[in-house]
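In case you want the letters, here they are:
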Amino acid sequence: RKEVEQDPGPFNVPEGATVAFNCTYSNSASQSFFWYRQDCRKEPKLLMSVYSSGNEDGRFTAQLNRASQYISLLIRDSKLSDSATYLCGAGGSYIPTFGRGTSLIVHP
Amino acid sequence: NAGVTQTPKFRVLKTGQSMTLLCAQDMNHEYMYWYRQDPGMGLRLIHYSVGEGTTAKGEVPDGYNVSRLKKQNFLLGLESAAPSQTSVYFCAAHRTGKPYEQYFGPGTRLTVT
């Protein structure tokens, strides 16, 4: 069982929709949490880190639930350009573990 | 400021051949990583380094060796390539205290026939 699990999707949504991804982690000692975005045939890029109090960046909101050991990503008002694979991750002081990614397809 | 670069971008090897993948970063980051990414498997850590002259094994180190002789370079070697090593290889770097803020290189697509 992988340390970080996420639904591979694909999530197929129309433009303007709100979509949410969840990701569970098994190591309760994890200290840092994050979401990366990966476009097709490109490298992953940090989307946002996830803080205990939750954080928001424009249309994107990330939440952490330590009791249930999951992190979430909410995307509001989806754009065509949001189509990508979203990788969640958790880690300790320097070894991050990534999930396998959730594919999002936003269609007109 | 190039960030993280990888050489080569593509390579085709025959089984048993050897090669070295080069990762270079100009951000002066201490930590560097080599991952492989396969369909449905996500990113898996091969080896990593917490500073010049240090290396350590990750989740899937068998068949690979690494060296970090200079802070800015992290080399990944395949001594005797196998078809199971066909993958996309990513190098990443981050500064001390920011393990979630990894900067990835563009990747190397390796095919072993």
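Residues numbered from 1 in each chain as written. Chains lettered and ligands numbered in written order. Predicted model: local features only at pLDDT ≥ 70, side-chain atom pairs only at ≥ 80, totals over all residues. Heavy atoms only, no water.

## Structural notes on the nonpolar core
So, step 1. Of all hydrophobic cores here, the largest spans 23 residues; its most connected members are A:Phe21, A:Trp35, A:Leu73, A:Ile75, A:Tyr86 and A:Leu104.
So, step 2. Each residue touching A:Tyr86, except ones within four places of it in the same chain, is listed here: A:Gln6, A:Phe21, A:Trp35, A:Tyr36, A:Arg37, A:Leu47, A:Phe60, A:Leu73, A:Ile75, A:Gly101, A:Thr102 and A:Leu104.
So, step 3. Among the nonpolar cores identified, the runner-up in size contains 20 residues, and B:Leu21, B:Met32, B:Val66 and B:Ala81 belong to it. (Core = buried A, V, L, I, M, F, W, Y, C linked by side-chain atoms within 4.5 Å. Buried < 20%, exposed > 50% of the residue type's maximum accessible area, 1.4 Å probe, protein only. Contact = heavy atoms within 4.5 Å.)

## A look at the packing of aromatic side chains
So, step 1. Enumeration over the complete set of coordinates arrives at 15 aromatic pairs over all chains.
So, step 2. Measuring from ring centre to ring centre gives 5.4 Å for A:Tyr36 and A:Phe98, while their planes differ by 75°; the resulting arrangement is edge-to-face. Residue A:Tyr36 is found in strand S4 (residues 32-38), and its partner A:Phe98 is found in strand S10 (residues 96-98); the two are separated by 62 residues along the sequence.
So, step 3. On the basis of relative accessible area, A:Tyr36 is assigned to the buried category, the value being 0%.
So, step 4. The exposure class of A:Phe98 is buried, given its relative accessible area of 1%.
So, step 5. Aromatic ring contacts, followed pair by pair, group A:Phe34, A:Tyr36, A:Phe98, B:Tyr33, B:Tyr35, B:Tyr48, B:Phe90 and B:Phe104 into a single cluster. (Phe/Tyr/Trp six-rings, centres within 6.5 Å; stacked < 30°, edge-to-face > 60°. Helix = DSSP H or I, 4+ residues; strand = E, 2+ residues; numbered from the N terminus.)

## Quick word on the layout of surface pockets
So, step 1. Taken as a whole, the largest pocket spans an internal volume of roughly 450 Å³.
So, step 2. Contributing to the lining of the largest pocket are 20 residues, with A:Gln38, A:Thr85, B:Gln37, B:Asp38 and B:Pro39 lying nearest its centre.
So, step 3. Of all the secondary-structure elements, those providing two or more residues to the lining of the largest pocket are strand S9 (84-91) of chain A together with strand S4 (31-38) and strand S9 (87-94) of chain B.
So, step 4. Of the residues that constitute the lining of the largest pocket, the class distribution is seven nonpolar, seven polar and six charged. (1 Å grid on protein atoms, 1.4 Å probe; cavity = no way out; pocket = protein on both sides within 12 Å on 5 of 7 lines; lining within 4 Å. Points joined across faces, edges and corners; volume = space filled by probe spheres on them. Nonpolar A, V, L, I, M, F, W, Y, C, P; charged D, E, K, R; others polar.)

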